[in-house]
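# Structural characterization, general
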Amino acid sequence: MATVLVVEDESDIREVLRRYLERAGHAVLTTGSGAEALRLVATADVDLVVLDLGLPDVEGTDVLGEVRAAGRTPVLVLTARSSVDDRIRGLRMGADDYVTKPFSPAEVVLRVAAILQRTGGPAATTEQGVLVGGRLWIDEARHAMRFDGRELDLTPTEWGILAALSGAPGRVFSRYELVNRVRGYEYAGYERTIDSHVKNLRHKLGPDGATVVETVLGVGYRFGLRTDGS
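Below, the structure is looked at part by part. This structure is a prediction, so every number in the text was calculated from the model and none was measured. (Residues numbered from 1 in each chain as written. Predicted model: local features only at pLDDT ≥ 70, side-chain atom pairs only at ≥ 80, totals over all residues. Heavy atoms only, no water.)

### Concerning the overall build of the protein
Scanning the protein for helices and strands turns up nine helices and 12 strands. The proportion of buried residues among the 230 residues of the protein is 46%. A sequence separation of at least 24 residues applies to 58% of the contacts in the protein between residues at least 6 apart. (Helix = DSSP H or I, 4+ residues; strand = E, 2+ residues; numbered from the N terminus. Buried < 20%, exposed > 50% of the residue type's maximum accessible area, 1.4 Å probe, protein only. Contact = heavy atoms within 4.5 Å.)

Printed below as a string of structure tokens:
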């Protein structure tokens, strides 16, 4: 099990990333302070740092430089700075990967796993999945889902939607809730695209897609399979 340090000053994003990473089998430390992040890197057994560059107390690039100077701890940078020059600067300073906001928390989990595999750090080793509704198998450690024994090739957004719905079978999620579950924070305009992602998700699930992801008119969506598989 890897220990991941999430350094992000926005508490909502920090909490969502913590939940997603823990569900993937990692131990997670969090802070909104660059100074505290440097202390944790120096004193805790951190395997990877997820670092937002827009910190209130210490410039994120300074934190990145200090982490790189201190050792070989890999760093995944999160930032709203999306220009090519900004990305190149971050990578040249030693970032192992670079994700720009807005982003999907599920994508961050995948990138963390890829960095740990590439750098030889401990990845989440739990292979025990859960069966939901008798037909949907979810393996968070492998970030894999199977429906009726068939592996689903899902985008990060589709994964996030199905993970949210199946995590509370029968509960109705509004489109706004799904946006915040999948994106981790409000993203202007994204709510209108949820229907398209659900359509694609149902297609991948097959003939029973509309039964698995049910529409609740005027409200949103819910996971239609019950605990008895019906």
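### Quick word on the side chain of E158
Within the fold, E158 resides in helix α6 (residues 156–166). Note on E158: relative accessible area 3%, which makes it buried. Not counting the four nearest positions on each side in its chain, E158 is found in contact with D153, H197, N200, L201 and K204.

### A word on the packing of aromatic side chains
By convention here, two paired aromatic rings are described through the distance between centres and the angle between planes. A complete count under the given rule lists zero aromatic pairs for this structure. If you follow R171 out to its NZ or CZ, it ends over the ring of F173, 4.2 Å from the centre. (Phe/Tyr/Trp six-rings, centres within 6.5 Å; stacked < 30°, edge-to-face > 60°. Lys NZ or Arg CZ within 6 Å of the ring centre and 35° of its normal.)

### What to know about the sheet that holds strand β10 (residues 173–174)
Paired through backbone hydrogen bonds, the strands of a sheet run either parallel or antiparallel to each other. Taken in spatial order, the three strands make up an open sheet running β10-β12-β11, and their pairing is antiparallel. The sheet terminates laterally at β10 and β11 (213–216), the two strands that pair on one side only. Alignment of β11 against strand β12 (residues 220–223), held across four bridges, turns out to be antiparallel. Bridge pairing in β12 places E214 opposite R222. (Pairing = 2+ DSSP bridges.)

### Points about the pattern of salt bridges
Applying the stated criterion across every chain yields a total of 11 salt bridges. D148 serves as the salt-bridge partner of R135, at 2.7 Å between the closest nitrogen and oxygen. Placement of the pair is R135 in the loop between β6 (130–132) and β7 (136–139) and D148 in the loop between β8 (144–147) and β9 (150–151), with a sequence separation of 13 residues. By relative accessible area, which is 48% here, D148 ends up partly exposed. When the shortest N-O distance is used, the salt bridge between E177 and R171 registers 2.4 Å. Taken together, the shared-partner salt bridges in this structure form one network comprising E15, R18 and E22. (Salt bridge = Lys/Arg side-chain N within 4 Å of Asp/Glu carboxyl O.)

### A closer look at the nonpolar core
Membership of the largest hydrophobic core comes to 48 residues, with the highest contact counts inside it found for V112, M145, L162 and V213. Residues L40, L55, L64 and V77 belong to the second largest nonpolar core, which totals 17 residues. (Core = buried A, V, L, I, M, F, W, Y, C linked by side-chain atoms within 4.5 Å.)

### Brief notes about the sheet that holds β8
Pairing in this open sheet of four strands is antiparallel, and the strands run β6-β7-β8-β9 from one edge to the other. The open sheet is flanked by β6 and β9, the only strands paired with a single partner. Alignment of β8 against β9, held across two bridges, turns out to be antiparallel. From the neighbouring strand, F147 faces β9, where its bridge partner is R150.

### Section: helix α3 (residues 60–70)
Burial in α3 covers these residues: G60, T61, V63, L64 and V67. Take α3 and look down its axis: the buried residues cluster within an arc of 155°, on one side only. More than 90 degrees from the buried face of α3, the exposed residues found are A69 and A70. (Arc of directions from axis to C-beta.)

### Thoughts on the packing of helix α2 (residues 34–43) against α3
Contact geometry for α2 and α3: axes closest at 10 Å, N-to-C directions at 10°. When the axes of α2 and α3 are compared, the pair comes out roughly parallel. For the pair α2 and α3, contact is made by G34, L38 and V41 and by V63, E66 and V67, respectively. By residue class, the composition of the contact of α2 with α3 is four nonpolar, one polar and one charged. (Axes fitted to C-alpha atoms, helices over the stretch in contact; angles between N-to-C directions. Parallel < 35°, antiparallel > 145°, perpendicular 65-115°, else oblique. Nonpolar A, V, L, I, M, F, W, Y, C, P; charged D, E, K, R; others polar.)

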